[in-house]
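Close look at the chain arrangement
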There are 2 protein chains.
Amino acid sequence: MECCHHFQNEGNVKKLCISIVPIFNHLSQEEMVEIANTSISTKYQKGEFIFQAGEPYDHLYIVHKGRVKVYHLGDSGKEQLIRILEPGDFLGELSLFSKQESDSFAEAMVETEICSIHRRDLQKILIKFPSISLKILEQFTHRLEQTEKLVSQLSLQDVEKRTASYLVELMDGKGEEHEIILPMSKKDLASYLGTTRETISRRLSSFQDKGWIEQTGQRNIRILNVKAIKKMAEQ
Amino acid sequence: MECCHHFQNEGNVKKLCISIVPIFNHLSQEEMVEIANTSISTKYQKGEFIFQAGEPYDHLYIVHKGRVKVYHLGDSGKEQLIRILEPGDFLGELSLFSKQESDSFAEAMVETEICSIHRRDLQKILIKFPSISLKILEQFTHRLEQTEKLVSQLSLQDVEKRTASYLVELMDGKGEEHEIILPMSKKDLASYLGTTRETISRRLSSFQDKGWIEQTGQRNIRILNVKAIKKMAEQ
DNA sequence: CGACAGGTTGACCGTTATCAAAGATCGTGG
DNA sequence: CCACGATCTTTGATAACGGTCAACCTGTCG
């Protein structure tokens, strides 16, 4: 199941790393190897930072294994979660054209393996393989969509509706009565939805009281009334 | 001063339209003409929609003249302003790779002239001129940055701080004591900052009471105490 | 088993939305 | 050029959503 063991040599790790990234998956083997050769593979323990706000910012990072959260920090130390990255996602793209300095934190949520490419190398690659730009554009488009949606939810909907919207996202296509697993702690979920642990806890409890859901494990939710949740979510 | 009169032929309008767009401005004359020939120029009156939520979504639109606002609509009819476009900006990019259907409204704020290119034509252009992808990527990067910043402001800062932040953005580099002009009505500003007209009005009045600003015209603000505003803005 | 992060629940209070009504400004047509 | 309506803006009073503080509970991991 796991594609990559720690006793493999680094070259292989990098090649595998590159090969799982959607933006590269139309390239030939040789092209991937070429790109892999310009990259560095690094391991991060849970809680370690890939980068922090204020640090110089000149690499593209590709998550190969594990999970990373990106967030901003407010005055009181309160964090706003921007997004969570899974294997194949990349971060640090903003550095390619724009700021020299990050204003966000990227933290490994579990043990994580990341390949990084320096901005100058990536720029060379983009010129050599124009099709990659299109792929990156595609992913950017998706993220922009997500982020703009989040913006309107944050100011048009109350916490209850945002919570319901999020559940609907997780339910995706699945039909009546099924179980979903939160991809993060409720603390992080609260941060993502722009609220607090306490409030998320209250809202989920109220959904449970209404018989819409049942909270089994601390990250497991059994959906009992899809319709009611969807109705709450939309507008 | 104005580059384009309505009695010009359409070809010229389109060429001018293309030529002012930053993402195209490194191309040769002939290349611009080629792109201009695949585009259509349209005029919109104030209040007219370029597109509405739910409509099919298959063009890239380039603002040539005027001003356009893009927003989402909540249940109660409350709108969340996503961004305002000036000449040279483009919209509809999300259609290129992603959704077939818009979930936002694009409305002309004044009389506006727009050139549109169909997605299939643009895709051809992107393949033919790879450097354009890089330019679009650059603009996307900037927008993503802006939008992510907005997200954290919406949930980490209260309205007072968000308002101060926005003023700081407008002040840009200018030193002590100068006048700034809001690029939109306070109503729209309220929408952009995720609050209401009334609250914006109160917050600006309170800034005025403190002697930080003076509200002259309805869109003119004389900045009196840059430091205090900046201090309020950051965290 | 103990410590610690995460989660729940309750009480309280502040910021901000909402409703209402009056005032200012803009654009249009007479 | 003025008058009108429409739209935007201001100000006040009120209510509530949700943040904060505090205490307690729960699960997890060394």
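On a predicted model such as this, the values are computed, not experimentally measured, just so you know.

Before going further, it helps to examine the protein's contact with DNA strand D. Taken together, 19 residues form the shell around DNA strand D, and within it Val 159, Thr 195 and Thr 199 of chain A together with Lys 187 and Arg 197 of chain B come nearest. Sugar and phosphate atoms form 65% of the subset of DNA strand D atoms that lie within 4 Å of the protein. Between Val 159 of chain A and DNA strand D, the recorded distance is 2.7 Å, taken from a backbone N or O atom to a phosphate oxygen. Side-chain polar atom of Thr 199 of chain A to a phosphate oxygen of DNA strand D: 2.8 Å apart, as the coordinates give it.

What follows deals with the nonpolar core. Counting residues in hydrophobic clusters, the biggest one holds 131 residues, and the most contacted among them are Ile 132 of chain A together with Ile 132 of chain B. Excluding residues that lie within four positions of it along the chain, Ile 132 of chain B makes contacts with Ile 23, Phe 24, His 26, Leu 27, Ile 35, Ile 125 and Leu 126 of chain B.

Residue and element names in this part refer to chain A. Within the open sheet, the 3 strands sit side by side as 9-11-10. Their pairing is antiparallel. Since the sheet does not close on itself, it has two edges, and those belong to strand 9 (178–181) and strand 10 (213–215), each with one partner. Across the sheet, the axes of successive neighbouring strands diverge by a mean angle of 25 degrees, strand direction being ignored. Sheet contacts for helix 7 (residues 197–209): strand 10 and strand 11 (220–223); angle to strand 10, the most-contacted strand, approximately 125 degrees.

The next point concerns the sheet that holds strand 7 (residues 105–108) of chain B. Pairing in this open sheet of 4 strands is antiparallel, and the strands run 2-7-4-5 (chain B) from one edge to the other. The open sheet has two edge strands, strand 2 (49–51) and strand 5 (79–85) of chain B, and neither has a second partner. In this sheet, adjacent strand axes meet at a mean angle of 30 degrees when their direction is disregarded. Alignment of strand 4 (residues 68–73) of chain B against strand 7 of chain B, held across 4 bridges, turns out to be antiparallel. Within strand 7 of chain B, the residue paired with Val 70 of chain B across the bridge is Ala 106 of chain B. Against the sheet, helix 4 (residues 130–156) of chain A engages strand 4 and strand 5 of chain B, with an angle of about 140 degrees to strand 5 of chain B.

Residues and elements named next belong to chain A. By domain assignment, chain A separates into domain 1 (10–146) and domain 2 (157–233). The centre of domain 1, based on its C-alpha atoms, is set 29 Å off from the matching centre of domain 2. At the boundary of domain 1 with domain 2, total buried surface from both sides reaches about 750 Å², with 41% on carbon and sulfur atoms. Joining domain 1 to domain 2, the criterion identifies 1 salt bridge. A salt bridge links Asp 188 to Lys 69; the nearest nitrogen and oxygen atoms lie 3.1 Å apart. Tallying contributions element by element places strand 5 (residues 79–85) first for the side of domain 1 that touches domain 2, with 5 residues. In the side of domain 1 that touches domain 2, the residues fall into 4 nonpolar, 2 polar and 4 charged.

What counts and how
Residues numbered from 1 in each chain as written. Chains lettered and ligands numbered in written order. Predicted model: local features only at pLDDT ≥ 70, side-chain atom pairs only at ≥ 80, totals over all residues. Heavy atoms only, no water. Near = heavy atom within 4 Å. Polar contact = N/O pair within 3.5 Å; in protein donor to acceptor, adjacent residues only side chain to side chain. Core = buried A, V, L, I, M, F, W, Y, C linked by side-chain atoms within 4.5 Å. Buried < 20%, exposed > 50% of the residue type's maximum accessible area, 1.4 Å probe, protein only. Contact = heavy atoms within 4.5 Å. Pairing = 2+ DSSP bridges. Helix = DSSP H or I, 4+ residues; strand = E, 2+ residues; numbered from the N terminus. Axes fitted to C-alpha atoms, helices over the stretch in contact; angles between N-to-C directions. Domains from an automatic or database assignment. Buried area = accessible area lost by both parts, 1.4 Å probe. Salt bridge = Lys/Arg side-chain N within 4 Å of Asp/Glu carboxyl O. Nonpolar A, V, L, I, M, F, W, Y, C, P; charged D, E, K, R; others polar.

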